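Take a look at the letters that make up each chain.
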Amino acid sequence: MRAIPALIVCAVLAACSVPGPGEAPDGIWDPNEAGNRKTHEFNRKLDKRVLRGSGNGYTRTVPEGVRKSVSNFADTTSLPQTVVNQILQGRPGPATRNTLRFAVNATLGFGGIADVASNMGMPKDESDFGETLHVWGVPEGAYVELPFLGPSTERDTAGRVVDLVTDPLSYVLPVGARRTATAARIVAKVGERGEFSGTVDSLLYDSADSYAQLRLIYLQNRRFELDGTEGAAGDYIDPEEIDTEGF
């Protein structure tokens, strides 16, 4: 019940900024670019001073098996929220499959540290409230770069807020267990920074305009994830294939 007002408010906020005819001919609606670029510079400095070193250190010092277990645990703890969103999207099949995936990994996977379910034909499948808003017909809105979190849109930002209050585990787990789950998700993200260090470094520090490139990659890949129904941005971009000198 506490989430209902947040759902309504965030859905309205996500629909506020919609470009008029001809205002986003290249498929990118970024009316707050000046402010976004300042946030981007903050995020770059944060990455350079904290995240890059932490990610590289994590991947160098922590065995791959341990890193995989942390990522599996983080994925398992996110599954109930994925199920909620898939139900709200009217997708009972994926919701059922992810419920079974959670049950299998939480039990046979020793609390989620082993991904037994994937070997049983239930691969990783994520969703969020940003996708739910998309399914409900809420437009993408303007591009946004968030402090600490990075690229987003008005719709996805609203979705992030709602996801904070609709995670079922946050209502059933004790405080200590919730903190462990949150810590695992953060550590898994740090591990991803280290794993893809070369690509991220090239994007953030070697390109002529890292803001424009990051914006393009995020929007195209996010629209690809949402089945390409937002139009105008083309197909999926593999960051490994990006020529940073062209930006």
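Residues numbered from 1 in each chain as written. Predicted model: local features only at pLDDT ≥ 70, side-chain atom pairs only at ≥ 80, totals over all residues. Heavy atoms only, no water.

### Quick look at the packing of aromatic side chains
Scanning all chains against the criterion turns up 4 aromatic pairs. For the ring pair Phe-42 and Phe-148, a centre distance of 5.3 Å and an interplane angle of 85° mean the geometry is edge-to-face. With a gap of 106 residues between them, Phe-42 in helix 2 (residues 33–61) and Phe-148 in the loop between strand 1 (143–146) and strand 2 (150–153) connect regions that are remote in the sequence. Summarising the aromatic geometry, the rings of Phe-129 and Trp-136 are spaced 5.5 Å apart at their centres and angled 90° between planes, so their arrangement reads as edge-to-face. Taking the ring centre of Tyr-205 as reference, the NZ or CZ of Arg-52 above it sits at 4.7 Å. (Phe/Tyr/Trp six-rings, centres within 6.5 Å; stacked < 30°, edge-to-face > 60°. Helix = DSSP H or I, 4+ residues; strand = E, 2+ residues; numbered from the N terminus. Lys NZ or Arg CZ within 6 Å of the ring centre and 35° of its normal.)

### A word on helix 10 (residues 197–206)
All of the buried residues along helix 10 are Ser-197, Thr-199, Asp-201, Leu-203 and Leu-204. Looking at the packing, one finds that the buried side of helix 10 touches helix 2, helix 9 (175–195) and helix 11 (210–225). (Buried < 20%, exposed > 50% of the residue type's maximum accessible area, 1.4 Å probe, protein only. Contact = heavy atoms within 4.5 Å.)

### Here's the deal with the pairing of strand 2
For strand 1 and strand 2, the ladder comprises 4 bridges, and the chain directions are antiparallel. Across the sheet, Val-144 pairs through a bridge with Ser-152, a residue of strand 2. Hairpin geometry of strand 1 and strand 2 is characterised by an intervening segment of 3 residues between the two adjacent antiparallel strands and by a positive phi of about 70° at Phe-148. (Pairing = 2+ DSSP bridges.)

### Some details on the packing of helix 9 against helix 10
Two numbers describe how helix 9 lies on helix 10: the axes approach to 5 Å, and their chain directions differ by 80°. In terms of orientation, helix 9 lies roughly perpendicular with respect to helix 10. Residue-level inspection shows Arg-193, Gly-194 and Glu-195 of helix 9 in contact with helix 10, the latter providing Ser-197, Val-200, Asp-201 and Tyr-205. (Axes fitted to C-alpha atoms, helices over the stretch in contact; angles between N-to-C directions. Parallel < 35°, antiparallel > 145°, perpendicular 65-115°, else oblique.)

### Overview of a nonpolar patch on the surface
On the surface, a cluster of nonpolar side chains totalling about 420 Å² of accessible area is made up of Leu-164, Val-165, Tyr-171 and Val-172. Secondary-structure elements contributing two or more residues to the nonpolar patch are helix 7 (154–165) and helix 8 (169–172). By the secondary structure assignment, Tyr-171 is in helix 8. (Patch = residues over 30% accessible without salt bridge, like charges linked within 9 Å, V, L, I, M, F, W, Y side chains within 5 Å. Areas by Shrake-Rupley, 256 points an atom, 1.4 Å probe, with all protein chains shown as cover. Salt bridge = Lys/Arg side-chain N within 4 Å of Asp/Glu carboxyl O.)

### A word on the pattern of salt bridges
With the rule as written, the count across this model stands at 19 salt bridges. A salt bridge links Glu-33 to Arg-37; its shortest N-O distance comes to 2.8 Å. In this pair, Glu-33 and Arg-37 both sit in helix 2, 4 residues apart, roughly one turn of the helix. Under the relative-accessibility criterion, Glu-33 is labelled partly exposed at 29%. Arg-222 is the partner of Glu-225 in a salt bridge, and the nearest nitrogen-oxygen pair spans 3.1 Å. Placement of the pair is Glu-225 and Arg-222 together in helix 11, with a separation of 3 residues, close to one helical turn. When its relative accessible area of 9% is taken as the criterion, Arg-222 is described as buried.

### Remarks on helix 7
Along an α-helix, residues three or four apart share an orientation, since each turn contains 3.6 residues. In a regular helix each residue adds 1.5 Å, so 12 residues correspond to 16 Å; helix 7 covers 18 Å between its end C-alpha atoms and thus fits that length. Those residues of helix 7 not exposed but buried are Glu-154, Arg-155, Asp-156, Ala-158, Gly-159, Val-162 and Asp-163. (Expected span 1.5 Å × (residues − 1).)

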